[in-house]
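Observations on the model geometry
As a plain string of letters, each chain reads:
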There are 2 protein chains.
Amino acid sequence: MSNIRRVAELAGVSVATVSRTLKNPEVVAPATRERVQAAVTAANYRPNGMAVQFRSRRTGNLVVLVPLIANSFFARVIAGIQQAAQAAGYRVLLCDTAGDEAREREYAELVYARQADGVIQLRAFDPFAGDPDAPPVVNACEVLAEHTWPKVRLDNRAAARSLTEHLLALGHRRIALIKGPEDSPLTLERLAGYQEALTRAGIPPDPDLLHPGDFTLAAGAAATKTLLALPERPTALFCCSDEMAIGALQSLRGAGLRVPEDLSLAGFDDIAFAAYSDPPLTTIAQPAEAFGQRAVALLLEILSGAAPTTREVVLPFELVVRGSTGVCRGR
Amino acid sequence: MSNIRRVAELAGVSVATVSRTLKNPEVVAPATRERVQAAVTAANYRPNGMAVQFRSRRTGNLVVLVPLIANSFFARVIAGIQQAAQAAGYRVLLCDTAGDEAREREYAELVYARQADGVIQLRAFDPFAGDPDAPPVVNACEVLAEHTWPKVRLDNRAAARSLTEHLLALGHRRIALIKGPEDSPLTLERLAGYQEALTRAGIPPDPDLLHPGDFTLAAGAAATKTLLALPERPTALFCCSDEMAIGALQSLRGAGLRVPEDLSLAGFDDIAFAAYSDPPLTTIAQPAEAFGQRAVALLLEILSGAAPTTREVVLPFELVVRGSTGVCRGR
DNA sequence: TTGAAAGCGCTAACAG
DNA sequence: CTGTTAGCGCTTTCAA
């Protein structure tokens, strides 16, 4: 594979002229330009990306830290990131952190090593904690409220409130909540929204109706079994992810309960499968791809050196009512 | 951020010695080594990755071309790739090709630009077609049979045959097949396995029972509607992906048909949702993560310059029988 | 065991 | 408009 010098020789010009022809063709005389272009073709020349990066001090890479790539929701976020990054000429270095902070730090190191220009963190964790010269980071999806990072988030509290109000409006009074992991900001925000709605409706909180989960199918199924064993069964079940709701559905069937006749069920995320369960799932739709796109936009803004115009983007959610929730007939 | 020169000054040695201390500590005198290490810490020095790559002509990056990141099956393959690459000190540049050949070529270009050392292609397409000095590629999942690339694949034909035989053993004679895209090798192989099983059972092929799809929920639902409208309805439905099978389930419910009493249903892939549908899905389990891991292993082998020991890895499948298939009671 | 020196391939002043 | 020149930060001979 040939280098710029060979092209220069072939075209009978200096390497500087070749470089210019490639980057700023307009400053090169048409005749010269054509000669250089012909030489480029003849030599099958392609600039050495490593040298270009090295020289121009810009990698064109973005590191993305994802809790779990295989998750239906994050997969869509990643698709959005991917698309926006590509459109802007950036590449995406994907790291499935699997909740492992060491691995997360390892990838974050790439920025120190100048292998990437910035980071998109999809989890509420700061791998650069306490570092004075931490690189540019944008925090999306699960957000660290107290941090100064630019954020892209949903109003999870309002969303959870909205869904809970929907269940209340159907006459439900015993509404169970299958949460995310105990310490996750997502969990806390959604729990707050849920409790807010109940309080407004004058319903005292019942800790028995709260159950932690980890957003997976299995967690939803397991939590549901526990909740069904309560002396006074809930009449509605609000799961903090659609996957948990689909898991819940299995346990409900196992217990011989019909949805929504015996018990209403709702999820969160509106993944593709939500519309295909039996019955289709009432849920909160999140604009997953938009999370990715907006995060990239914010990061590129920072990288361009412009004063950051936005510190926080709050994306809209939508309550999607399908067949899994219905009027409370119980007790 | 400091560079190697500053560390050298701080430690009172040459830059060469600093470099050696970092790469080959054993060739440096212990006393010197310690002085250098102290200087590295003091200066908070981290080697400039771009310079290292440039100099050593190795990027440590692998490009992965994925048809669709959001797909439940590919998400698992990617997780496997990610994990194996990380363990070997490689990073993954992920490209969601969305079936767009131009985009695929664009990412493939990264290798020419020395921004990546090799490519893992998860689709049956050669972005380097006709190029004499094409970079190292490993082809996994959907494989281009006629190509010389090392491959990691499933025996799709045997898998489809095995599933079809399962249906035949249950007494089914009219078995419909919802395929993948018409020209995909995956489709052709699975179709061949399906037909082989029918032929062995002495059942003449019926083109009406074949329907193309694109592996999505929506495609499964749509194809099923068409198949149910046939004058003589099939008694079993074999979908080439679990997502299509779950989509099919919706149309079957819509038509008032019970599974498996009125019609047996089977999928392919064994995604997590397959065990949670109603009824749970009979399917072919693929070792998705292993596809990724083996592909990385093959690629690294090539990159290391060793003579390639393996040209093809065929991974095992497993027929998982769940509740969606049952004895044929129809007609 | 260490240092000096020569680049890797490219870009970007600065002259001309 | 084009060429000369000086590196970017690091690795790696080659001598000492």
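To keep things clear, this report deals only with the structure shown in the data block. Keep in mind the model is a prediction, meaning the values are calculated, not measured.

Notes on the protein's contact with DNA strand C
The immediate surroundings of DNA strand C are formed by 25 residues, with A:I4, A:K23, A:Y45, B:T32 and B:R55 found nearest. Of what DNA strand C places within 4 Å of the protein, 65% of the atoms are sugar or phosphate. Separating a phosphate oxygen of DNA strand C from a side-chain N or O atom of A:S19 is a distance of 2.7 Å. In this structure, B:R20 approaches DNA strand C through a side-chain N or O atom, which is 2.8 Å from a base nitrogen. Listed by contribution, the elements that provide at least two residues to the surface near DNA strand C are α1 (4-11), α2 (15-23) and α4 (49-56) of chain A together with α2 (15-23) and α4 (49-56) of chain B. Of the residues belonging to the surface near DNA strand C, the class tally is 12 nonpolar, 6 polar and 7 charged.

Quick look at the protein's contact with DNA strand D
A:T32, A:R55, B:I4, B:K23 and B:Y45 are the nearest of the 25 residues found near DNA strand D. Here DNA strand D approaches the protein such that, of its atoms within 4 Å, sugar and phosphate make up 62%. Taking A:R20, its side chain carries an N or O atom lying 2.8 Å from a base nitrogen of DNA strand D. Residue B:R55 places a side-chain N or O atom 2.6 Å away from a base oxygen belonging to DNA strand D.

Observations regarding unusual backbone geometry
All names here are of chain B. Of note, the bond from V259 into P260 is cis; its omega dihedral lies within 30 degrees of zero at 5°. Along the chain, the position of P260 falls in the loop between α10 (242-254) and β9 (264-266). The omega torsion of the bond from D278 to P279 falls at -5°, within 30 degrees of zero and hence cis. In this model, R114 sits at a positive phi of 55°, which is unusual for a non-glycine residue. Within the secondary structure, R114 sits in the loop between α6 (101-112) and β3 (118-121). Non-glycine residue D269 carries a positive phi angle of around 120°. Overall, the relative accessible area of 8% leaves D269 in the buried class.

Describing the sheet that holds strand β6 (residues 175-178) of chain B
Residue and element names in this part refer to chain B. Taken in spatial order, the 4 strands of this open sheet run β7-β6-β8-β9, and their pairing is parallel. Single-partner strands in this sheet number two, and they are β7 (210-211) and β9. Inspection of the sheet shows strand β8 (residues 236-239) paired to β9 by 3 bridges, in the parallel sense. For F238, the partnering residue across the bridge sits in β9 and is A266. With respect to the sheet, helix α7 (residues 156-169) is in contact with β6, β8 and β9, its orientation differing from that of β8 by roughly 165°. Taken strand by strand, α10 contacts β6, β8 and β9, and its axis lies near 155° from that of β9.

A look at the nonpolar core
General note: in soluble globular proteins, nonpolar side chains tend to be found buried as a group. Counting 156 residues, the largest nonpolar core has A:L265, B:L122 and B:L265 as the members making the most contacts within it. Formed by 32 residues, the second largest nonpolar core is a distinct cluster that contains A:A108, A:L110, A:V137 and B:V63.

With respect to the interface of chain A and chain B
Across the boundary between the two partners, chain A contributes 56 residues, which contact 55 residues of chain B. When the two sides are added together, the surface that chain A and chain B hide from each other amounts to roughly 5,000 Å², 58% of it contributed by carbon and sulfur. Our enumeration of links across chain A and chain B arrives at 4 salt bridges. Between B:D278 and A:R253 there is a salt bridge, with the nearest N and O atoms lying 3.6 Å from each other. On inspection of chain A and its partner chain B, the count reaches 16 residue pairs in polar contact (both at pLDDT 80 or more). For the side of chain A that touches chain B, the elements supplying multiple residues, two or more each, are α4, α5 (72-87), β2 (91-96), α6 (101-112), α9 (217-228) and α10 (242-254) of chain A. Classifying every residue of the side of chain A that touches chain B gives 28 nonpolar, 14 polar and 14 charged.

With respect to the pairing of strand β11 (residues 312-315) of chain B
All names here are of chain B. By the alternation rule, side chains of β11 split into V313 and L315, which are all buried, and E312 and V314, of which none is buried. Across 4 bridges, the pairing between strand β5 (residues 151-154) and β11 is parallel. Bridge pairing in β11 places R153 opposite V314.

As for the pattern of salt bridges
Taken as a whole and assessed by the stated rule, the structure comprises 28 salt bridges over all chains. Among the charged side chains, a network of salt bridges with common partners joins A:R157, A:R161, A:E165, A:E196 and A:R200.

Some points on α1(A)
All names here are of chain A. Those residues of α1 that fall on the buried side of the exposure criterion are V7, A8 and A11. Angularly, the buried residues of α1 cover 100° about the axis, an arc narrow enough to put them on a single face. Structural note: α1 exposes R5 and E9 on the side pointing more than 90 degrees away from its buried face. Its buried side turned inward, α1 meets α2 and α3 (30-43). Once α1 finishes, G12 follows within two positions and takes phi at roughly 70°, a positive value.

Concerning the environment of B:L281
All names here are of chain B. On the secondary structure map, L281 appears in the loop between β9 and β10 (283-285). The spatial distance from the C-alpha of L281 to the C-alpha of I246 is 8.3 Å, given a sequence separation of 35 residues. If we ignore the near neighbours within four places in the chain, the residues touching L281 are D242, A245, I246, L265, G267, A274, V320, R322 and S324.

Regarding the sheet that holds strand β6 (residues 175-178) of chain A
Note on sheets: strands pair through backbone hydrogen bonds, and any given pair is parallel or antiparallel. All names here are of chain A. Spatially, 4 strands are ordered β7-β6-β8-β9 in an open sheet, and the strand pairing comes out parallel. Since the sheet does not close on itself, it has two edges, and those belong to β7 (210-211) and β9 (264-266), each with one partner. Bridge count for β6 against β7 is 2 bridges, and the pairing is parallel. Note on β7: the bridge partner recorded for I178 is H211. Where helix α7 (residues 156-169) meets the sheet, its contacts fall on β6, β8 (236-239) and β9, and the angle it forms with β8 comes to roughly 165°. Against the sheet, α9 makes contact with β6, β7 and β8, and its axis sits at roughly 145° relative to β6, the strand it touches most.

The rules behind the values
Residues numbered from 1 in each chain as written. Chains lettered and ligands numbered in written order. Predicted model: local features only at pLDDT ≥ 70, side-chain atom pairs only at ≥ 80, totals over all residues. Heavy atoms only, no water. Near = heavy atom within 4 Å. Polar contact = N/O pair within 3.5 Å; in protein donor to acceptor, adjacent residues only side chain to side chain. Helix = DSSP H or I, 4+ residues; strand = E, 2+ residues; numbered from the N terminus. Nonpolar A, V, L, I, M, F, W, Y, C, P; charged D, E, K, R; others polar. Buried < 20%, exposed > 50% of the residue type's maximum accessible area, 1.4 Å probe, protein only. Pairing = 2+ DSSP bridges. Contact = heavy atoms within 4.5 Å. Axes fitted to C-alpha atoms, helices over the stretch in contact; angles between N-to-C directions. Core = buried A, V, L, I, M, F, W, Y, C linked by side-chain atoms within 4.5 Å. Buried area = accessible area lost by both parts, 1.4 Å probe. Salt bridge = Lys/Arg side-chain N within 4 Å of Asp/Glu carboxyl O. Arc of directions from axis to C-beta.

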